[in-house]
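# Geometric and topological summary
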Amino acid sequence: MSRRGRYVLILLVGAIVMLSVLGWLVSLRTNYLWYDSIDYTTVFSTMMWNRIGLFGVFTLAMAAWTAANLYIAYRFRPDTWPATSEQEGLERYRELLSPKAGWWIAGLAVVVGIFAGMSAQSRWETWLLFREGGSFGWEDPVLHMDAGFYIFRLPFWQFLIGFGFAAVVVGLLASLSAYYLYGALRFSGTGDRMTNAARIHLSVLVALFLGLKAVAYYFDRFDFATQLNSVTNIVGGGYTEINALMNAKNALIWVSVIAAVVILIFSWGFTRSLALPLTALGLVVVTAIAAGGIYPAVVRNFQVEPNVPQREGEYVQHTIEGTRYAFDLQEDVLNVSTYDVSSAPDAEVLNDPEAADAATVANMRLIDPFVVSDAFTQRQQPRSFYDFSDKLDVDRYTYTNDDGEEVTEDFVVGLRELNPANYNESQQDWTVRHTVYTHGWGFVSAPTRENCEGYPFFTSGVMREGESDAGRCEATNDYIKVDYPQIYFGMLNDDYAIVGVPEGETPVEFERPADVSVSEEAEQAEEEEDIEVVEEDVRTTFQGDTGVDVGSFWNRLLYAWELQEPRFLLSDRINDNSQLLYNRNVRDRVQAVAPFLTVESDPYPAVVDGEVVWIVDGYTTANNFPYSDRVDLAATTTDTYTGQGVTAQDSQDVNYIRSSVKAVVNAYSGEVELYEFDEEDPILKAWNSIYGGDLITPKEETPEELSAHFRYAQDMFKVQRSILERYHVDNSGEFIENSEAWQVPDDPSSPAAVSQPPYYVYANFGLEEPEFQLTGTFTPISRDNILASMMAGYYNGEGNPVLNVQQISGGDNQSVRQMHQIITSQGDVVNDLRQYQQSDLQVEWGNLLALPVGDGVLYTEPLYLRRQVGGGDTTLPVLEKVAISYGGYVGYEDTLDQAVDSVVQQFIEGAPPATETTEDEDATGEEPTEEPTTEAPVETPTSDGTEPPEVEQAINDVIAAQEAYEEARTSGTEAEAGAALDELFAALDQLKEARDAAGQ
């Protein structure tokens, strides 16, 4: 390459490096500005200074170590070397390096050190927990070490050991290379192949490696408490690990130390033969194979596997106890009881206002927050760019009704946000998108038990065009008062927004259409704000101070670079009062200010002191708690709602979790507050100490009005529900046999095989007073048509979590899947479904609730209708029917009260329970042949061979039609499925006619 070419190459490389460094510095500065805007610079500075510190320390350590080894090898190079072809080939390299050997050594050491420093700086969290972590007060039952050692200290010790191994290997490679280059180490020729200096130096490095190996073997023993037991397939060392592998590790410690001593003896020249050091190394290898591989395999295969309950029972019991502690399922949280279900429960309890479970029936939820999202969007969407989350939320509020009485009830709630995906072409313009359409508007609510002509009855945050429909399916006054209805921070819009105008100038931010009416309270609130009507739109200006100041040229330049947007420098919309709002997704916002938390997948909005806030549960997790089983957080928390308004969790294995923090994000200002929820969690205490001790607001300082809206954390409930599938048993023998295991049922309202989500309800659930609870059910692992138990979580009066698990005994114990099939097999239901299908109406079943009432189980499932129209769109979901079941009786009516009356009447009259028609099928224990569907399911008839020939033939025709319908649903088109369904209905009609003719 020519000299000019070399200069050009150097300039290009220099420019790339400079731009990369400049980009990193710009990102560093903009990140600091963002943290400063919300007063969380401690989080940023703690992270940065510790990363820089670790980088510096380990870079220096590795560089010094590498340089020292290279210098020693260079310093003790031989003065002469034999005249061999091997050495002649190396001579030109010696001539190149020797004149500037110091520079070469320093340069290579720095490069190696930088790589080591880059690796070390990523362990800043491990280092901080090592420094600040405390104890758990729970010891592992084998080595008797506090869990804090495993979570806080062991990871950093293992990192240091790994770093030590890397340093020794680098030292060996560097020394070998230098000795070989300068002839101190030769592979050919006569005489000694290695100088005394090289032998001593390399032997010391090998001995150091073996010494580190002994240390590593010592710490490896602690891994048994967190490793998977291959025999029982749960976490925690079993018989083989503790009685065979533990002894092997102890033996290897001493063998490694002895081998290191032998090699040191060799290094000082007591013998020049390589036989002694090679024998020492061979002893380590043979011991590792024999004691660490062969012996444990023999123990496992011939002692453990033939006698698993006897050999592994003790260690399984350790894991049961450790798992319950790690997943917060101790006795002070988990209450397990037996719920005796009568074979004929008294249905009159459903209409008894004095009954113990009267509140459960009175507050039974009808409005499904997942189904009615479209109704919220369509009926409360005056412009197409407004949107609601695919899944709304349920919360509890106390308000004053029209009679002046205080009423407390459940509401389906959602925020009317801007959705950039719905912007038209003109709204996609950069200026319009980022300076005009900056926020949503309104906290919208509807009672969970009330509907209006099948639609939700809106009670807060109402928007309507004109006054013609005022008061129709909506309240004229807000039940839930909101002072600041603007939604700058939410879940749907993560665009950055540029807010603020020069003093005295007209606001530019779109508030709402001027021709849209809102409640009187909202209009009064607007009168106190800086708003104006501009071109038929109400405009406003952000009044907060939590944005990044972009009024200065330098900050505009920084963000023009960071966001790759030159209009930060060119747009006249940016002025001295401008602020930049970004990181507006509330989950991302909480994750940024508390990087140590795992954030809840489904934040929910609440109104506190007139302000709209997002409440986000934050979890502290670990993956190395001793004798605690692991779950995949993503798989465990996935259900029907995941990906449809609920964010999927990242896939990560955890074996410790606490619902430690309630994060609150103000929907208007974006301010973030972290409130302590678990006062005993050592991980949270460690992180709070790391960040100066004031990052987390103590639990006792949580405002009462805010804590009233705290609800049992959903992801925590799902994880605990998954653990209890196996860990509800106390006896290790039953656990190993897996005969009492449970499973979470699939959602009967979903055509896909996906877990049923838990539901929030206001119910007694075995308590004297009703509580706002999160509930779910289990089925036996081998029978998905039987209800095994019910589970509910709530916060007691002290704000502490409580889990109640009621194991079902006897009586009517249908699973939710089976109950859905029973309901959809009733004659009047089948007739309605047929009519809906023929009328081109789409059926959508709502959440199927199962709750203990009296001495039975009350099941409730609403039915919604959607009319299919051209292009595949659907109209609003309309609540058409309500189905309930109690004591085997099914009520299917227009309203819940009518359905309850129907069940009570059937009970009084002594009618045969509907479940009797499926008992023969249930007794087989086989999985039902029909999958849950949103279309028209029917009950497949059976024949015992004694039917008249005409009926027998009709039954066979129904079975054939049912099989054809199932095949069309799975592999055919919608048209084919519809035709097959029509044929199935026709076959059922023929069966009915045949039975009528036969007098059956």
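Not measured: the values here are computed from a predicted model.

Moving on: the overall build of the chain. Tallying secondary structure elements over the chain gives 28 helices and 37 strands in all. Residue burial in the chain is summarised as follows: out of 1000 residues, 55% are buried. Taking contacts inside the chain between residues at least 6 apart in sequence as the whole, the part at least 24 apart equals 70%. Of the roughly 43,400 Å² of accessible surface on the chain, 52% is carried by carbon and sulfur atoms. Distance from the positive charge centre (60 side chains) to the negative charge centre (153 side chains) of the chain: 17 Å.

Locating Glu-952 in the fold gives a position in helix H27 (residues 949-971). When its relative accessible area of 23% is taken as the criterion, Glu-952 is described as partly exposed. For the pair Glu-952 and Ala-964, spaced twelve residues apart in sequence, the C-alpha separation works out to 19 Å.

What follows is about the pairing of strand S6 (residues 406-415). With seven of its ten residues buried, S6 lies for the most part within the structure. A loop of five residues connects strand S5 (residues 393-400) with S6, the two strands running antiparallel in sequence, and Gly-404 in this loop sits at a positive phi of about 80°. Bridging between S6 and strand S9 (residues 443-447) involves five bridges; their strand directions are antiparallel. Among the inter-strand pairings, Phe-411 is bridged to a residue of S9, identified as Pro-447.

What follows covers the nonpolar core. Counting 235 residues, the largest nonpolar core has Leu-350 and Leu-674 as its most contacted members. Ranked by residue count, the leading element in this core is helix H6 (residues 147-181), at 18 residues. Setting aside residues up to four positions removed in sequence, Leu-350 forms contacts with Val-361, Val-853, Leu-858, Tyr-886, Val-900, Val-903 and Val-904.

All right, on to the pattern of salt bridges then. In the structure shown here, the tally under the stated rule is 18 salt bridges. A salt bridge links Asp-537 to Arg-539; the nearest nitrogen and oxygen atoms lie 3.7 Å apart. A single burial state applies to Asp-537 and to Arg-539, both of which are buried. A network of salt bridges, in which partner residues are shared, links Lys-391, Asp-393, Asp-602 and Arg-711.

Turning our eyes to something else, we now look at the UniProt feature "transmembrane region" (unreviewed entry) in the chain. Within the UniProt annotation, "transmembrane region" (unreviewed entry) is assigned to residues 7-28, 48-72, 101-120, 156-182, 202-219, 251-271 and 278-298. For the annotated span residues 101-120, helix accounts for 100% and strand for 0% of the residues, and the straight-line distance between the end C-alpha atoms is 28 Å. In residues 202-219, helix accounts for 100% and strand for 0%; the two terminal C-alpha atoms are 26 Å from one another.

Pairing is antiparallel across the open sheet formed by three strands, whose spatial order is S14-S20-S19. Looking at the sheet topology across the chains shown, the edges are occupied by strand S14 (497-499) and strand S19 (548-549). Taken together, the three bridges between S14 and strand S20 (residues 579-581) define a ladder with antiparallel strand orientation. Looking at S20, one finds that Val-499 is bridged to Gln-579.

Counted according to the given criterion, the structure contains 59 aromatic pairs. For the ring pair Phe-625 and Tyr-656, a centre distance of 5.5 Å and an interplane angle of 15° mean the geometry is stacked. Here the residue Phe-625 occupies a position in the loop between strand S23 (611-622) and strand S24 (631-632), and Tyr-656 occupies one in strand S26 (residues 656-666), the gap between them amounting to 31 residues. Look at Tyr-656 and you get buried, because its relative accessible area is 1%.

This next bit is on a nonpolar patch on the surface. Taken together, the side chains of Leu-9, Val-13, Val-17, Val-21, Trp-24 and Leu-25 present a nonpolar region at the surface, about 550 Å² in accessible area. Here Trp-24 shows up in helix H1 (residues 3-37).

With respect to topology, three strands assemble into an open sheet ordered S5-S6-S9, the strand pairing being antiparallel. Each end of this open sheet is capped by a strand with a single partner; those strands are S5 and S9. Neighbouring strand axes in the sheet, compared pairwise and without regard to direction, differ in orientation by 45° on average.

The buried count for strand S36 (residues 878-886) comes to eight of nine residues, which makes it a mostly enclosed element. Hairpin remark: S36 followed by strand S37 (residues 889-893), antiparallel, with two residues in the connecting loop; positive phi at Gly-887, about 60°.

This part covers the confidence of the model for the chain. Of the residues in the chain, 90% have a pLDDT of 70 or more, and the chain-wide mean is 87. Note that residues 916-940 has pLDDT below 50 and, in this model, 64 contacts with residues that lie over four places away or in other chains.

Right, let's talk about the packing of H1 against helix H15 (residues 553-562) for a bit. For the pair H1 and H15, the least separation of the axes is 10 Å and the interaxial angle reads 120°. The two elements H1 and H15 meet at a crossing, and its hand is left-handed. In this structure, H1 uses Leu-19, Leu-22, Gly-23, Val-26, Ser-27, Arg-29, Thr-30, Leu-33 and Trp-34 to contact H15, whose residues at the interface are Asn-555, Leu-558, Tyr-559, Trp-561 and Glu-562. Of the residues assigned to the contact of H1 with H15, the class counts are eight nonpolar, four polar and two charged.

One turn of the α-helix equals 3.6 residues, which is why residues spaced by three or four share an orientation. Taking 1.5 Å per residue as the helical rise, helix H4 (residues 101-121) with its 21 residues ought to reach 30 Å, and the 30 Å between its terminal C-alpha atoms agrees with that figure. Here H4 has its buried residues at Ala-101, Ile-105, Ala-109, Gly-113, Ala-116, Gly-117, Ala-120 and Gln-121. Considered in projection along H4, the buried side chains sweep an arc of 135° and stay on one side of the axis. More than 90 degrees from the buried face of H4, the exposed residues found are Trp-103 and Phe-115.

Its place among the elements puts Thr-438 in the loop between helix H13 (430-436) and strand S8 (440-441). Side chain to side chain, Thr-438 and His-439 meet in a polar contact 2.8 Å long. Aside from chain neighbours lying at most four places away, what touches Thr-438 is Leu-418, Tyr-488, Ala-497, Ile-498, Val-499, Glu-509 and Arg-584.

For the rest of this paragraph, the subject is the environment of Gln-591. Structurally, the position occupied by Gln-591 is in helix H17 (residues 586-593). Between the alpha carbons of Gln-591 and Asp-146 there is a distance of 29 Å; along the sequence they are 445 residues apart. In this view, Gln-591 contacts Leu-597 and Val-599; residues no more than four positions away in its chain are not counted. A distance of 2.7 Å separates a polar side-chain atom of Gln-591 from the backbone oxygen of Leu-597.

Tallied over the entire structure, the rule returns one disulfide. A disulfide bridge connects Cys-452 with Cys-473, and the sulfur atoms are separated by 2.1 Å. Every disulfide takes its handedness from the sign of the S-S torsion; for Cys-452 and Cys-473 that torsion is -75°, giving left-handed. With Cys-452 in strand S10 (residues 451-452) and Cys-473 in the loop between strand S12 (464-465) and strand S13 (486-487), the pair connects residues that are 21 residues apart, well separated along the chain.

Conventions and cut-offs
- Residues numbered from 1 in each chain as written.
- Predicted model: local features only at pLDDT ≥ 70, side-chain atom pairs only at ≥ 80, totals over all residues.
- Heavy atoms only, no water.
- Helix = DSSP H or I, 4+ residues; strand = E, 2+ residues; numbered from the N terminus.
- Buried < 20%, exposed > 50% of the residue type's maximum accessible area, 1.4 Å probe, protein only.
- Contact = heavy atoms within 4.5 Å.
- Areas by Shrake-Rupley, 256 points an atom, 1.4 Å probe, with all protein chains shown as cover.
- Lys, Arg positive; Asp, Glu negative; His and termini not counted.
- Charge placed at Lys NZ, Arg CZ, Asp CG, Glu CD.
- Pairing = 2+ DSSP bridges.
- Core = buried A, V, L, I, M, F, W, Y, C linked by side-chain atoms within 4.5 Å.
- Salt bridge = Lys/Arg side-chain N within 4 Å of Asp/Glu carboxyl O.
- UniProt positions renumbered as here; feature names shortened; annotations may be inferred.
- Phe/Tyr/Trp six-rings, centres within 6.5 Å; stacked < 30°, edge-to-face > 60°.
- Patch = residues over 30% accessible without salt bridge, like charges linked within 9 Å, V, L, I, M, F, W, Y side chains within 5 Å.
- Axes fitted to C-alpha atoms, helices over the stretch in contact; angles between N-to-C directions.
- pLDDT = per-residue confidence, 0-100.
- Left-handed = near helix turned anticlockwise from the far one by under 90°.
- Nonpolar A, V, L, I, M, F, W, Y, C, P; charged D, E, K, R; others polar.
- Expected span 1.5 Å × (residues − 1).
- Arc of directions from axis to C-beta.
- Polar contact = N/O pair within 3.5 Å; in protein donor to acceptor, adjacent residues only side chain to side chain.
- Disulfide = S-S within 2.5 Å.

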